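# Summary of the model geometry
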Amino acid sequence: MRAIGIERFGDAPALLDLPVPEPGPGEVQVAVEAASVNPLDTAIAAGALAAVGEYRFPLTLGMDGAGTVTAIGEGVSEFAVGERVFGQFWSLPLRHGTFAEVSVVQAAPALGALRTVPDGLPGEVAAALPTAGMTALGAIDHLRVPPGGTLLVIGATGGVGTFAVQAAAARGLRVVATGSARLAGQVRALGADEVAVRGAGPLDQALRRIAPEGVDAILDVVGDRVLTSSVAGSVRDGGALFSTAFGVDERLLADPRIRTANYRLDRKPERLAELTGLVTDGVLRPVIGAYVSLPEAPRTLFGGTGVAGRGGTEGAGLRGKTVLRMR
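This one's a predicted model, so the numbers in the text were calculated from it and none came from an experiment.

Criteria and thresholds
- Residues numbered from 1 in each chain as written.
- Predicted model: local features only at pLDDT ≥ 70, side-chain atom pairs only at ≥ 80, totals over all residues.
- Heavy atoms only, no water.
- 1 Å grid on protein atoms, 1.4 Å probe; cavity = no way out; pocket = protein on both sides within 12 Å on 5 of 7 lines; lining within 4 Å.
- Points joined across faces, edges and corners; volume = space filled by probe spheres on them.
- Nonpolar A, V, L, I, M, F, W, Y, C, P; charged D, E, K, R; others polar.
- Axes fitted to C-alpha atoms, helices over the stretch in contact; angles between N-to-C directions.
- Helix = DSSP H or I, 4+ residues; strand = E, 2+ residues; numbered from the N terminus.
- Parallel < 35°, antiparallel > 145°, perpendicular 65-115°, else oblique.
- Contact = heavy atoms within 4.5 Å.
- pLDDT = per-residue confidence, 0-100.
- Buried < 20%, exposed > 50% of the residue type's maximum accessible area, 1.4 Å probe, protein only.
- Polar contact = N/O pair within 3.5 Å; in protein donor to acceptor, adjacent residues only side chain to side chain.
- Core = buried A, V, L, I, M, F, W, Y, C linked by side-chain atoms within 4.5 Å.

### Digging into empty space enclosed by the protein
Here the structure, examined in full by the defined rule, presents one cavity of 30 Å³ or more. Volume-wise, the largest cavity comes out at about 40 Å³. Residue composition of the lining of the largest cavity, by class: three nonpolar, three polar and one charged.

### Focus: the packing of helix H3 (residues 130–143) against helix H9 (residues 268–280)
Where H3 contacts H9, the axes come no closer than 9 Å and their chain directions differ by 100°. In terms of axis orientation, H3 runs roughly perpendicular to H9. Contact residues: Pro130, Gly133, Met134, Leu137, Gly138, Asp141 and His142 in H3; Lys268, Arg271, Leu272, Glu274, Leu275 and Leu278 in H9. Counted by class, the contact of H3 with H9 contains six nonpolar, three polar and four charged residues.

### Some words on the confidence of the model for the protein chain
Overall, the predicted model of the protein chain reaches an average pLDDT of 95, with 96% of residues at or above 70. At the level of individual helices and strands, the protein chain shows its lowest average pLDDT in helix H10 (residues 297–302), which scores 91, and its highest in strand E6 (residues 84–88), which scores 99. Below pLDDT 50 for its whole length, residues 304–314 participates in 22 contacts with residues either more than four positions away or in separate chains.

### Things to note about the environment of Ser230
Position of Ser230 relative to the elements: it lies in helix H7 (residues 225–231). A relative accessible area of 34% means that Ser230 is categorised as partly exposed. Considering only alpha carbons, one finds Ser230 and Phe246, 16 residues apart in sequence, at a separation of 15 Å. At 2.7 Å, the side chain of Ser230 and the backbone oxygen of Leu227 are in polar contact.

### A short note on the nonpolar core
Counting 49 residues, the largest nonpolar core has Leu143, Leu151, Val165, Leu219 and Leu275 as its most contacted members. The dominant element in this core, judged by the number of residues it contributes, is H3, at seven residues. Apart from the residues within four sequence positions on either side, Val165 is in contact with Val153, Ala156, Val175, Ala177, Val187, Leu190, Gly191 and Ala192. Formed by 22 residues, the second largest nonpolar core is a distinct cluster that contains Ile6, Leu40, Tyr55 and Leu294.

Here you go:
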């Protein structure tokens, strides 16, 4: 089968020809319909997460995916052959990711989450949901913005950011989001009340105009520590500043005036269940900015184009999620 993987940490991800993996006890085999890309994938390939979990080589990359169960291992009762499933395929140990025609994942992933795809939800949509959607929901939960409060989302045009704007707006929060002038209308269409235009001037000055009384919380999904430090003073006493991209430095972590943290996704099965309900009810939707075929993936995603990176480039639309099509 075809897969995108590495032989060792630090290798350039490549298109590999690998045997079809077979499920062991407690595992399911999935014919992958689609997968989506996260900065997590690049970090794993580089070895930056070598201390988190266990890995076996050759390692097929990819955490998020959707597909059809084609075989089950001994002791599996959660899923049946023929069911469509999606989620974050982070087994322990990790060897068979979602950037492949076939993957094997624990029915109850040790570090991830897996659920049945809701009826009528396309595989490409389901694959775009898990990590970014769960991260947005979890971070907003931990920020604990009061009803009607104001939340600033730094980096509203990417995967986590587009989910965060929608989720916050659905909770009745006043959302201020950062984005380019070209994409301001699209960010507002997701639910942002105000857009602080990137490059139009310092963000802290823009916030003083948009929210002179300050904001209740800031969610950073970009990871620019200079930027987060510059706007921390805009958070009201007792408020919160969280980053999903390690954008909070040691000084901010020690700030007694506000709650700060570099958020790591928690309670994944619970968050995937919540995310599924919100998508099924039409409250949230993934923004898919690009589609890539499996053979194109090594060059497009890992060849320096920035598509899979934390920053990326903005075209005519929101960057959102990049989805790999297996067929």
